[in-house]
Amino acid sequence: TAWQDATGRFWLFGGTGYGAAAIAGQLNDLWMYDPATNEWTWVAGGATVDQAGVFGTLGTASPSNNPGGLYGGAGWVDPTGKLWLFGGTGYDAVGTMGMLNDLWKFDPATAQWTWTSGNRTANRRGVYGPQGKRYLTNNPGGRDHLAGWVSAGGDLWLFGGDGYDADGLRNYINDMWRYVR
């Protein structure tokens, strides 16, 4: 997952690749590239592959929090410069690989992740309340290769992907979700 912030720096999280031990798998490292200095900085995450997510307490930032190794998630930068990450295929809190529906926020000023929504375990079905209404129990199903963006007001939007529908069946999904931060 990749982002470009308002200052022109590029951010890169995870993906399929090689960790420090030259073993292939899913990464959960966060890197920042600054074109002004032509340098990469390793900001957060592990140096080894296939790490489980460390969720901590919902809504609470912590230096020990970190999404698990994954690929195919969606990312946004909000108007305050925070990085957002949703879903993908990767490792959940118990080390199971599958489709994720967790939503994370990274604050570059504190270098800390906050788990903000979604489940700690993979392959969860979507929970659909009445269309167009916000409900605490609404939750997109686990998915990867979705489209995501942020509106001018800072709301997060996502569309479709390959994932789990309301019946818990894996399909190509054409649903649209909005997260008001």
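Predicted model only: the values in this text are computed from it and were never measured. (Residues numbered from 1 in each chain as written. Predicted model: local features only at pLDDT ≥ 70, side-chain atom pairs only at ≥ 80, totals over all residues. Heavy atoms only, no water.)

1. Side note on the pairing of strand β4 (residues 39-44)
- Relative to β4, strand β3 (residues 24-34) runs antiparallel, the two sharing five bridges. Opposite Tyr33, over in β4, you have Trp40 as the bridge partner.
- Between β3 and β4, which pair antiparallel in sequence order, lie four residues; one of them, Asn38, sits at a positive phi of approximately 60°. (Pairing = 2+ DSSP bridges. Helix = DSSP H or I, 4+ residues; strand = E, 2+ residues; numbered from the N terminus.)

2. Brief notes about the sheet that holds strand β2 (residues 10-18)
- Spatially, β1-β2-β3-β4 is the arrangement adopted by the four strands of the open sheet, whose pairing is antiparallel. The two strands at the open ends of the sheet, each matched to only one other strand, are β1 (2-4) and β4. Geometrically, the sheet is characterised by an average inter-axis angle of 30° between neighbouring strands, direction not taken into account.
- Relative to β2, β1 is paired through three bridges, and the arrangement is antiparallel. Residue pairing across strands places Trp3 opposite Trp11, the latter belonging to β2. (Axes fitted to C-alpha atoms, helices over the stretch in contact; angles between N-to-C directions.)

3. Remarks on the layout of surface pockets
- In this model, the largest pocket occupies a volume close to 940 Å³.
- Taken together, 30 residues line the largest pocket, and the ones lying closest to its centre are Arg134, Asn138, Trp177, Arg178 and Tyr179.
- At the level of secondary structure, the elements contributing two or more residues to the lining of the largest pocket comprise β8 (97-107), β9 (112-117), β12 (156-164) and β13 (170-179).
- Counting residues per element, the lining of the largest pocket draws most heavily on β13, at five residues.
- In the lining of the largest pocket, the residues fall into 16 nonpolar, 10 polar and four charged. (1 Å grid on protein atoms, 1.4 Å probe; cavity = no way out; pocket = protein on both sides within 12 Å on 5 of 7 lines; lining within 4 Å. Points joined across faces, edges and corners; volume = space filled by probe spheres on them. Nonpolar A, V, L, I, M, F, W, Y, C, P; charged D, E, K, R; others polar.)

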